[in-house]
Amino acid sequence: MVNADWDFLRDTFDVGALVDHVSELAAKPDFVAKLHASADKARNQQPQRGRPPRPSSAASELKTIQLNGGARATAV
């Protein structure tokens, strides 16, 4: 909010009124759900960064079984 370029806020009284209004909206589950949905959408549109997650152990075990011709891999 610090970086928002809102020319319609004239003074600290406008900022206070905006904070009061958002506080009232935050008490409504519908508003919060829409806010979270919008944030999730924006978050999911960002490019993935870093290393992809490792496959779960069940998926990697299934791949190992398939590679071994159906024989289960056992650790010694």
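Below or above, wherever it landed, is the structure these notes cover.

Rules of the game
- Residues numbered from 1 in each chain as written.
- Predicted model: local features only at pLDDT ≥ 70, side-chain atom pairs only at ≥ 80, totals over all residues.
- Heavy atoms only, no water.
- Helix = DSSP H or I, 4+ residues; strand = E, 2+ residues; numbered from the N terminus.
- Buried < 20%, exposed > 50% of the residue type's maximum accessible area, 1.4 Å probe, protein only.
- Areas by Shrake-Rupley, 256 points an atom, 1.4 Å probe, with all protein chains shown as cover.
- Salt bridge = Lys/Arg side-chain N within 4 Å of Asp/Glu carboxyl O.
- Polar contact = N/O pair within 3.5 Å; in protein donor to acceptor, adjacent residues only side chain to side chain.
- Contact = heavy atoms within 4.5 Å.
- Patch = residues over 30% accessible without salt bridge, like charges linked within 9 Å, V, L, I, M, F, W, Y side chains within 5 Å.

Once that is clear, we can look at the overall build of the chain. The number of helices and strands found in the chain is three helices and zero strands. Secondary structure of the chain in N-to-C order comes out as α-α-α. Within the span of the chain, comprising 76 residues, buried residues form 3% of the whole. Accessible surface computed for the chain: about 7500 Å², of which carbon and sulfur atoms make up 57%.

Throughout the structure, instances matching the rule amount to two salt bridges. Across the salt bridge formed by Arg 10 and Asp 14, the nearest N and O atoms sit 2.9 Å from each other. Under the relative-accessibility criterion, Arg 10 is labelled exposed at 70%. Look at Asp 14 and you get buried, because its relative accessible area is 16%.

Moving on to the side chain of Asp 14. Within the element layout of this structure, Asp 14 appears in helix 1 (residues 12–26). Here the side chain of Asp 14 touches Arg 10 through a polar contact of 2.8 Å, landing on its backbone nitrogen. Dropping the residues within four chain positions of it, Asp 14 is found in contact with Phe 8 and Leu 9.

Judged by side-chain polarity, Met 1, Trp 6 and Phe 8 come together as a nonpolar surface patch covering roughly 400 Å² of accessible area. As for its position among the elements, Phe 8 is in the segment before helix 1. The exposure class of Phe 8 is exposed, given its relative accessible area of 54%.

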